[in-house]
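Report on the structure
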Amino acid sequence: MIFSRIVGTGGYVPGAPVSNNDLVARGIDTSDDWIVERTGIRARYIAEKDVRTSTLAAEAARRALDAAGIAATDIDLVVLASTTPDMVFPSTACLVQNELGIPPGATAFDVQAVCSGFVYALTVADKFIRSGSHKRALVIGAETLSRIVDWKDRSTCVLFGDGAGAVVLAADDKAGILSSALHADGSQHQILNTTGQIAGGEIVGSPFLRMDGQAVFKQAVKVLGDVGQEVLDLAGLSLDELDWLIPHQANIRIMQSVAKRLKIPAERMVVTVDMHGNTSAASVPLALDVAVRDGRIRPGQLVMLQGVGGGFTWGAVLARV
Ligand code: UT7
């Protein structure tokens, strides 16, 4: 039987951290106390104008390939999750394919599930590999969210940041990805969106991210609790067997509530929202990479990855690393 396994991780954030006080100094009507207390965020990274989502994605992917000891020429599938692609088309996955020298003929496409994007992309890549059609995939979450936040809206602009995370997923006879579940509820599309589109040579709708923070908060706690239990049940495993929970890094209060609902002790949850802010599709692979590189996540451990965001979308993946 063919399974897929994560054999390397990588992460990349652009430039220097921008602290909450840096935002205050830039004229945003907020405070370090408010942001830390309500969200747990202390800093985020903001890409310079000439840096694109594909630049961040390619760097994270290079690091994942290095960690896996696999050459770009051996990759036959690129699945990239982003809400802030370089262009309307072609896909950012194709741009990364070109940048890394992944051979023509590989499969490459983007997945759009906002902050659930990486969990969606990983699940899709797992299914490709388990079908036998592909052997080595790059799965990437990459964002330049700072480009679509409204810097005049303090209720959202302090939350988001730029970055990318990637994994190499390879075919294996030992099970790595054990179970996954993806869900969506399009009837909730209005609680988190960017409505703008290009039409007739102009942007129609708003080019900025808008969010009903409290509605998103309530939904996120509920669905992440439910989907966490769902993937454990699918794999026939119990919570006691879980080594690490890596939820979407949006808000420490959401993450703590999810851990509480799942009865997972806080010390078994990976937290990077303080360092990176909410990097949407990049948040989960970035957090995974941090915890792999600092030695917290060790080979053979059981890890749960969870995404939630616009759509409304949510999902989880249970993986033995
Ligand atoms: O990845 C997508 C998922 N997104 C999320 O998970 C976000 C989920 N939602 C949240 O994290 C929270 O709802 C927020 C952090 C966005 C907001 O926290 P809250 O506790 O729900 O605050 P609130 O919206 O109820 O606002 C409370 C107060 C308001 O002032 P008044 O009306 O009570 O006087 C806001 O105007 O906080 C004010 N406020 C701020 N004050 C200082 C809102 N933003 C700020 C700010 N700095 N940046």
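Everything that follows concerns the structure shown earlier in this document.
The numbers attached to residues start from 1 for each chain and follow its sequence in the written order. For this predicted model, a pLDDT threshold of at least 70 governs which residues receive local features, and a threshold of 80 or more governs which side-chain atom pairs are given and counted, while totals over whole chains, interfaces and linings are taken from all residues. In computing side-chain properties, one takes all heavy atoms of the structure into account and sets aside hydrogens as well as water.

1. A few points about unusual backbone geometry
Test applied: By definition, any uninterrupted DSSP run of H or I lasting at least four residues is a helix, any uninterrupted run of E lasting at least two residues is a strand, and each is numbered from the N terminus.
Of note, the amide linkage connecting F89 to P90 takes the cis form, showing an omega dihedral of 5°. Looking at the secondary structure, you find P90 in the loop between β4 (77-81) and α4 (92-100). For the peptide bond that leads from G311 to F312, omega is 0°, which places it in the cis range. Turning to its location among the elements, F312 is positioned in the loop between β14 (302-309) and β15 (313-320). Backbone geometry places V114, a non-glycine residue, at a positive phi of 50°.

2. Notes on the sheet that holds strand β1 (residues 3-12)
Spelled out, the test is: If DSSP finds at least two bridges between two strands, the strands pair. Angular values range over 0 to 180 degrees, each being the angle between N-to-C directions of two axes fitted as lines to C-alpha atoms, with helices fitted over their stretch in contact. Contacts are assigned to residue pairs with any non-hydrogen atoms lying within 4.5 Å of each other.
Strands sit in the order β1-β7-β6-β4-β5 across an open sheet of 5 strands; the sheet is mixed. Each end of this open sheet is capped by a strand with a single partner; those strands are β1 and β5 (107-111). With direction set aside, neighbouring strand axes in the sheet form an average angle of 20°. Here strand β6 (residues 136-144) pairs with strand β7 (residues 162-172) via 9 bridges, running antiparallel. Within the sheet, the bridge partner assigned to T144 lies in β7 and is D162. In the packing of α4 onto the sheet, contacts are made with β4, β5 and β6, and the angle to β5 comes to roughly 135°.

3. Some thoughts on the packing of aromatic side chains
Heads up, the condition is: Planes of paired rings set the category: under 30 degrees apart is stacked, over 60 is edge-to-face and the rest tilted, where pairs are Phe, Tyr or Trp rings (Trp by its six-membered ring) whose centres lie within 6.5 Å. A simple rule labels every residue: compare its accessible area, found with a 1.4 Å probe on the protein chains alone, to the largest value its type can have, and call it buried under 20%, exposed over 50%, or partly exposed in between.
For the structure shown, the criterion picks out 2 aromatic pairs. Here the aromatic rings of F312 and W314 are separated by 6.2 Å at their centres, their planes lie at 45°, and the arrangement is tilted. For the pair formed by F312 and W314, the shared burial category is buried.

4. Considering the nonpolar core
Let me state the cut-off plainly: Residues grouped as a nonpolar core are buried Ala, Val, Leu, Ile, Met, Phe, Trp, Tyr and Cys residues, joined through side-chain atoms within 4.5 Å. Throughout the structure description, domain borders are defined by an automatic or database domain assignment.
Counting residues in each nonpolar core, the largest one holds 45 residues, and the members touching the most others are V158, I264, M304, V308, F312 and L318. Elements represented by at least two residues in this core include exactly α7 (213-235), α8 (252-262), β14 and β15. Top element by residues in this core is α7. It accounts for 8 residues. Looking at which domains feed residues into this core, each of domain 1 (3-174) and domain 2 (178-320) gives three or more. If near-sequence neighbours (up to four positions away) are discounted, V308 is found in contact with C115, S116, A220, V223, L224, H248, T313 and W314. Core analysis: the second largest hydrophobic core is formed by 32 residues, A113, L122, I246 and V303 among them.

5. Some details on the pairing of β5
Using the following cut-off: We call a crossover right-handed when, viewed with both strands directed away from the observer, the connection leading from the first strand over the helix to the second proceeds clockwise.
Taken together, the 5 bridges between β4 and β5 define a ladder with parallel strand orientation. Looking across to β5, one finds that V78 is bridged to A108. In the classification by handedness, the crossover that spans β4, the intervening α4 and the parallel β5 is right-handed.

Geometry only, nothing functional implied.
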